[in-house]
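# Report on the structure
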Amino acid sequence: RQVVVGVYQNAPKIVAAADGSPSGILGELLLQIAAEQQWQLKAVQCDWAYCLQLLQSGEIDLLPDVAYSEQRAQQLDFHQTPALYSWSQFFTAPGVQLSSLQQLAGKRLLVLQDSIQQHYVQKLVAETGLQLQLLTARSMPEAFALVAAGQADVVAANHYFGLAQLNRYQLNPSPVTFQPSRLFYATKKGSNQDLLAVIETRLAQWQANVSSPYYQILQRWGSDVPKPRLPDNIGWLLAALSSLLLLSTLAVWWFKRQVSEKTRHLQVSEARLSTILNSVDAHIYIKDLKGRYEYVNLKVAQLFGCAPTEVIGRRDDAFFDNATVANLRQNDEKVLQAGERLVSEEDNVSRDGKRRRVYLSVKLPLRDERGNIYALCGISTDITEHKQQQQAIHQLAFYDALTGLPNRRMLLDRLQQAVGKHQRQSDATQGALLFIDLDHFKDLNDSLGHAMGDELLQQVAQRLQSHLRKVDTLARLGGDEFVVLLTDLHPDLELASQKANLIGEKIVQLLSEPFILQERPYSLSASVGVAMFSDGCNSDELLQRADLAMYDAKERGRSGVRFFNQQMQADVSARAQLAAGLRQALLQQQFVLHFQPQIEHSAGVVGAEVLIRWQHPQRGLLAPGEFIAVAESSGQILAIGNWVLQQSCYQLAEWARQLHSAHWYLAVNISARQLHSASFVQDVRKAISDSGATPTRLVLEITESQLLQDIDSVIDKMLQLTRLGVRFSLDDFGTGYSSLSYLKRLPLAQLKIDRSFVRDVLTDPNDEVIIKTMLALGQSLELSVIAEGVETQAQHQKLLQLGCQQFQGYHFGKPAPLTDFEAAH
Ligand SMILES: Nc1nc2c(ncn2[C@@H]2O[C@@H]3COP(=O)(O)O[C@H]4[C@@H](O)[C@H](n5cnc6c(=O)[nH]c(N)nc65)O[C@@H]4COP(=O)(O)O[C@H]3[C@H]2O)c(=O)[nH]1
């Protein structure tokens, strides 16, 4: 039988003889067996790694000197009795120190490629993290030669080879041995079993007999081999033990190093974490399942007024009042029992009740590796200031700063909710909105000063508030306007309205009781408008309705309660329509002027008053009573008044050109808005200069009520115009707040006795006295006096008798278009 055997250089175990045949201990043993068995040995020389490849590919039958390992046993077959015992050892280059495995760190280590030493070192590196440079060689002689040449520091080798080659390569044996191994002849897995069987039988026999060829061969090669330090089995055992010892020492050293490294890391990161936790502006804590503090950062300790260690182990009841403790416990339970992450606002009061702070707390459960909750971690941020600011902003946004009552925004908000609820529920109880306005508050405010006005408003707010139900909303809209929102009055509209009326009356009565300001009593009255909730009416409309009703109450003599009705709405719409029509009227030249003569007893017609009319496209000729108020409130009176002024001046200039009318003057009504407009003087000047009218022929009629505000500025304007020659007449004299003091200051030329006095002069002795007084006043102030509204001859005679010289009225001529006027006079 031919046996192809791999031979490589690993003296003294296996070497190739000069003729290429196997030699060395295992080579000779094989030759001995082959001779007996009549095997023809064919030696194939290869290096170790290549030999192994050839064996696995089946190109060689048998390979001596193969150390057993479980990994190899998967590809190769072995006999059972080890041919040799061996272990590995490190051999060092001169000057290299190696007394423990740890010292391999940083060294260049050479191993035979695919050898058990390579596998061992790789595993060692993987398990311990040892830092070394692992190099491989194709054969042991090459590996030793490389170390000797300084290419590596250490070589790992079988001790047989190493000890045999030491001197040759000038290397030193290290005391570090490892991996005791058993050496065998090996075949490819599943092949050449007969060879292994024969070798096994032979080895078992020979090793049992000291005079067998086995020991002879060992002896023969023993001259090259240093004596094993111990008998084979014990040596192997000791080597194994020492390896184990070394390994365990290494493991202990490694674990210790890991532990100390980890501990140091932990200490560093704990210190770092603690610095962070103690410097954040939040209260951070860990509580166990029983609510005991396990950890607190400095901020928590500062809050509790003690050291962090003093907090540990204590519960919330040591620091907070009972209500807080109950609330905190409830929150904690949610986290610890239900495993929820909880974000909540916590209002915490200290145990002594002195300190109240609001926190935003985030709490989360802490779980062990099995997922069981063992504690909670909480992060609580003090948001007290933020809440206070929020509250202040809310107060500013929704409450009136002066009275502290809800403002318009808040009222509208609540009104919307109430209206929404009312509209959603068919059986809803009724609600109402009461609009309260203090009568003549503005006059009071102007005369008493704003500070007193404010004080009065505060008292009004308090008085109203104290008499309303908690569910009702009392709001201040601004100025002297208050609104009460009444809800849940009664399901029946009629009864609900009665209730609202009663409350309105009560408010009027409450506010009519005197207020004490700076120890002096002040009387007030109020007008109240009521709008009941009704279907399809939104909050804005309701407010508008209550406002309209309030105006109606004012118009009806103030100090009363008025309910909104549809007529009010119709009036508003009509006014709006009128305002729109007025805008077109000027552009489309729909205004016309009528003239009413003014008579001087001794001279006849001396002039006329200009009275405007609106030739309305649909409604026909409208008297000023129907549109002047709307023109005033919409501001259009400025343009209209200017137009009248210009037309009048052109008329004066025209009359000046004709003999019979050259001395006529024209009285033009000036509205309050015109008088107070900044361009008033300029407008009059321009009208005069554009037309070429004589200023002394122009009379401007103003009313007493126009003089109530900004009197100094009005006087200044009047003075500027009187310097031009323009005259002023005080219209409706006697109906307003005539004050002698300002009458004296005004540069007036004329007083006009209101027609209401003229009307009853024959029947009412009071009116006669008043007219007499006015005439006397005119005389003493050197003003002419004209009586208007003279309708009869008898009135004319009476006025003459009283001393009046100038007249205007239907008795002398009604207001008429220019042509009619000119034709008549
Ligand atoms: N019952 C009665 N009434 C008489 C008699 N004599 C005159 N009247 C009426 O009394 C009003 C006199 O004008 P007023 O007091 O200035 O009152 C005027 C004036 O305040 C205002 N007005 C008229 N035209 C203008 C204008 O161009 N500008 C401004 N701002 N207001 C004007 O409209 C008011 C009403 O004007 P009119 O309706 O034209 O009413 C006129 C006139 O027609 C009489 O004997 N008996």
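In this text, all values refer to a predicted model and were calculated from it rather than measured experimentally.

## Examining the overall build of the chain
Scanning the chain from terminus to terminus reveals 29 helices and 33 strands. Residues counted as buried form 34% of the 825 residues belonging to the chain. Sequence-distant contacts, at least 24 apart, represent 64% of the contacts inside the chain between residues at least 6 apart.

## Remarks on the sheet that holds strand β23 (residues 561-563)
One open sheet holds the 5 strands; their spatial order is β18-β19-β17-β22-β23, and the pairing between them is mixed. The two strands at the open ends of the sheet, each matched to only one other strand, are β18 (473-478) and β23. Across this sheet, the average inter-strand angle for adjacent strands is 20°, counted without regard to direction. Pairing of strand β22 (residues 526-532) with β23 involves 3 bridges; the strand directions are parallel. Its bridge partner being in β23, Val-528 is matched across the sheet by Val-561. Packing of helix α18 (residues 539-555) onto the sheet brings it into contact with β17 (432-438), β22 and β23, and relative to β22 it is tilted by some 140°.

## Overview of the pairing of strand β19 (residues 481-486)
β19 sits mainly inside the fold: 5 of its 6 residues count as buried. Bridge count for β17 against β19 is 6 bridges, and the pairing is antiparallel. Within β19, the position partnered with Phe-435 by the bridge is Val-483. As defined by bridge partners, β18 adjoins β19 across 5 bridges and the pair is classed as antiparallel. Bridge assignment links Arg-476 to a residue of β19, and that residue is Phe-482.

## Remarks on the site of the ligand
Taken together, the neighbourhood of the ligand is formed by 23 residues, with Leu-611, Ile-612, Pro-624, Asn-669 and Gly-809 sitting nearest. Of all the secondary structure elements, the ones that give two or more residues to the shell around the ligand are β25 (604-616), α21 (637-656) and β29 (727-733). A class-by-class count of the residues in the shell around the ligand yields 9 nonpolar, 8 polar and 6 charged.

## Side note on unusual backbone geometry
Note that the residue after Ala-11, namely Pro-12, is joined by a cis bond; omega there is 5°. As for its placement among the helices and strands, Pro-12 is situated in the loop between β1 (2-7) and β2 (15-16). Even without a glycine there, the phi angle at Gln-589 is positive, about 50°. Within the secondary structure, Gln-589 is located in the loop between α19 (566-587) and β24 (591-600).

## Side note on the sheet that holds strand β15 (residues 356-367)
A sheet is described by the order of its strands in space; here 5 strands give the open sequence β13-β12-β16-β15-β14, paired in antiparallel fashion. Two strands bound the open sheet, and with one partner strand each, they are β13 (293-296) and β14 (342-349). Between one strand and the next, the sheet's axes are offset by a mean angle of 30°, whatever the strand orientation. Summarising the sheet, β15 and strand β16 (residues 373-382) pair through 9 bridges and their orientation is antiparallel. Opposite Lys-363, over in β16, you have Gly-378 as the bridge partner. Helix-sheet contacts for helix α12 (residues 322-338) involve β12 (283-288), β14, β15 and β16, and the interaxial angle to β14 is about 165°.

## A closer look at helix α27 (residues 765-781)
Taking 1.5 Å per residue, 17 residues should reach 24 Å; α27 reaches 24 Å between its end C-alpha atoms and fits that length. Buried within α27 we find Ile-771, Met-774 and Gly-778. The buried residues of α27 all sit within an arc of 60° when viewed along its axis, so they share a single face. Exposed and facing more than 90 degrees away from the buried side of α27 are Pro-765, Asn-766, Val-769, Thr-773, Gln-779 and Ser-780. Looking one or two residues beyond α27, the residue adopting positive phi is Glu-782, at roughly 60°.

## Observations regarding the packing of helix α15 (residues 441-448) against helix α16 (residues 450-466)
The N-to-C vectors of α15 and α16 enclose an angle of 135°; their axes lie 6 Å apart at closest approach. The angle between the axes of α15 and α16 places the two elements in the oblique class. Contacts from Leu-444, Asn-445 and Leu-448 in α15 reach His-450, Met-452 and Gly-453 in α16. Tallied by class, residues from the contact of α15 with α16 come to 3 nonpolar, 3 polar and no charged.

## Some words on the nonpolar core
Ranked by internal contacts, the top residues of the largest apolar core, which has 65 residues, are Ala-143, Val-147, Val-154 and Val-155. In terms of residues, this core owes the most to one element, strand β11 (residues 172-188), which gives 6 residues. Apart from the residues within four sequence positions on either side, Val-154 is in contact with Phe-90, Phe-91, Thr-92, Val-96, Leu-98, Leu-104, Lys-107, Leu-109 and Val-147. Among the nonpolar cores identified, the runner-up in size contains 58 residues, and Ala-667, Ile-688, Val-714 and Phe-757 belong to it.

## Points about the environment of Thr-187
By the element assignment, Thr-187 lies in strand β11. Along the sequence, Thr-187 and Ile-60 sit 127 residues apart, while their C-alpha atoms lie 8.3 Å from each other. Those residues in contact with Thr-187, other than ones at most four positions away along the chain, are Asp-61, Leu-62, Leu-76, Asp-77, Asn-192, Leu-195 and Leu-196.

## Observations concerning the packing of helix α5 (residues 140-148) against helix α6 (residues 159-169)
At a minimum axis separation of 11 Å, α5 and α6 run at an interaxial angle of 40°. In terms of orientation, α5 lies oblique with respect to α6. For the pair α5 and α6, the sense of crossing is right-handed. In contact with Met-140, Phe-144, Ala-145, Val-147 and Ala-148 of α5, α6 contributes Phe-161, Gln-165 and Tyr-169.

## Some words on the pairing of strand β30 (residues 750-753)
Where burial is concerned, the two faces of β30 agree: the one with Gln-750 and Lys-752 and the one with Leu-751 and Ile-753 are both buried. With 3 bridges joining them, β29 and β30 adopt parallel strand pairing. Bridging from a neighbouring strand, Phe-733 pairs with Ile-753 of β30. As paired strands, β30 and strand β31 (residues 784-788) are joined by 4 bridges and run parallel to one another. Bridging across to β31, Gln-750 finds its partner in Ser-784.

## Thoughts on α16
With 17 residues, α16 should cover 24 Å at 1.5 Å per step; its first-to-last C-alpha distance of 24 Å lies within 8% of that length. When we look at burial in α16, the residues that qualify are Gly-453, Leu-456, Leu-457, Val-460 and Leu-464. Relative to the axis of α16, the buried residues are bounded by an arc of 100° and lie together on one face. Opposite the buried face of α16, by more than 90 degrees, sit the exposed residues Ala-451 and Ser-466.

## Comments concerning the confidence of the model for the chain
Mean pLDDT over the chain: 90, with 95% of residues reaching 70 or higher. Low pLDDT, under 50, characterises residues 223-231; the stretch is placed with 10 contacts to residues that sit more than four places away or in other chains. Scored as a whole, the predicted complex attains pTM 0.48, and scored at its interfaces, ipTM 0.97.

Cut-offs applied
- Residues numbered from 1 in each chain as written.
- Predicted model: local features only at pLDDT ≥ 70, side-chain atom pairs only at ≥ 80, totals over all residues.
- Helix = DSSP H or I, 4+ residues; strand = E, 2+ residues; numbered from the N terminus.
- Buried ≥ 20, exposed ≤ 12 C-beta atoms within 10 Å, placed from the backbone.
- Contact = placed C-beta atoms within 7 Å.
- Pairing = 2+ DSSP bridges.
- Axes fitted to C-alpha atoms, helices over the stretch in contact; angles between N-to-C directions.
- Near = placed C-beta within 6 Å.
- Nonpolar A, V, L, I, M, F, W, Y, C, P; charged D, E, K, R; others polar.
- Expected span 1.5 Å × (residues − 1).
- Arc of directions from axis to C-beta.
- Parallel < 35°, antiparallel > 145°, perpendicular 65-115°, else oblique.
- Core = buried A, V, L, I, M, F, W, Y, C linked by C-beta atoms within 7 Å.
- Left-handed = near helix turned anticlockwise from the far one by under 90°.
- pLDDT = per-residue confidence, 0-100.

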